[in-house]
Amino acid sequence: MTTVQKIKTDIQALPHEDYMSLLSWIHERDWEEWDKQLENDIVLGKLDFLVHEAMEEKKAGKLVDL
């Protein structure tokens, strides 16, 4: 049995309350990783194209107030 298979089996055996706690922890960790990746992408300029695109839309008068 691989490590992942063992983890899956162990998770299935958890009481519901423990499962929900684990699920919450996994979601929080996932969001933290996503935030780190987003911050890194910003620092590296990987999202600069979005700013340039927005500025072009503004110049063309295509932006709409929300």
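Residues numbered from 1 in each chain as written. Predicted model: local features only at pLDDT ≥ 70, side-chain atom pairs only at ≥ 80, totals over all residues. Heavy atoms only, no water.

Student: Quick one: what's the story with a negative patch on the surface, residue by residue and with numbers?
Tutor: A cluster of acidic residues, E28, E32, D35 and E39, forms a negative patch at the surface. With respect to the helices, strands and loops of the structure, E32 is situated in helix α2 (residues 16–43). (Patch = residues over 30% accessible without salt bridge, like charges linked within 9 Å, V, L, I, M, F, W, Y side chains within 5 Å. Areas by Shrake-Rupley, 256 points an atom, 1.4 Å probe, with all protein chains shown as cover. Salt bridge = Lys/Arg side-chain N within 4 Å of Asp/Glu carboxyl O. Lys, Arg positive; Asp, Glu negative; His and termini not counted. Charge placed at Lys NZ, Arg CZ, Asp CG, Glu CD. Helix = DSSP H or I, 4+ residues; strand = E, 2+ residues; numbered from the N terminus.)

Student: Report on the confidence of the model for the chain, specifying residues and quantitative values.
Tutor: When the pLDDT values of the chain are averaged, the result is 96; 100% of them are 70 or greater. Of all secondary-structure elements in the chain, the lowest mean pLDDT belongs to helix α3 (residues 48–59), at 94, while α2 reaches the highest, 98. (pLDDT = per-residue confidence, 0-100.)

Student: I'd like a rundown of the packing of aromatic side chains, residues and numbers included.
Tutor: Applying the stated rule across the entire model yields one aromatic pair. A ring pair is formed by W31 and W34, whose centres lie 5.7 Å apart and whose planes are at 75°; its orientation type is edge-to-face. Placement of the pair is W31 and W34 together in helix α2, with a separation of three residues, close to one helical turn. The class of W34 is partly exposed, set by a relative accessible area of 47%. (Phe/Tyr/Trp six-rings, centres within 6.5 Å; stacked < 30°, edge-to-face > 60°. Buried < 20%, exposed > 50% of the residue type's maximum accessible area, 1.4 Å probe, protein only.)

Student: Which residues make up α2, and what are the values?
Tutor: The end-to-end C-alpha separation of α2 is 41 Å, in line with the 40 Å expected for 28 residues at 1.5 Å each. One or two steps after α2, the chain reaches G45, where phi turns positive at roughly 80°. (Expected span 1.5 Å × (residues − 1).)

Student: Account for α3, with residues named and values stated.
Tutor: One full turn of an α-helix is made of 3.6 residues, so residues set three or four places apart face in the same direction. In this model, α3 (12 residues) spans 17 Å end to end at C-alpha, consistent with the 16 Å of a helix rising 1.5 Å per residue. The first or second residue beyond α3 is G61, which carries a positive phi of 70°.

Student: Help me get a handle on the pattern of salt bridges, residues and values and all.
Tutor: A complete count under the given rule lists four salt bridges for this structure. For the salt bridge of E33 with K36, the shortest nitrogen-to-oxygen distance reads 3.7 Å. On the criterion of helical spacing, the pair formed by E33 and K36 is a turn pair, its members being three residues apart in helix α2. Classification of E33 as partly exposed rests on a relative accessible area of 40%.

Student: Residues and numbers for a nonpolar patch on the surface, please.
Tutor: The grouping of L14, Y19 and M20 at the surface amounts to a nonpolar patch, some 230 Å² of accessible area in total. Mapped onto the secondary structure, M20 falls in helix α2. M20 gets classed as partly exposed once you look at its relative accessible area, which sits at 38%.

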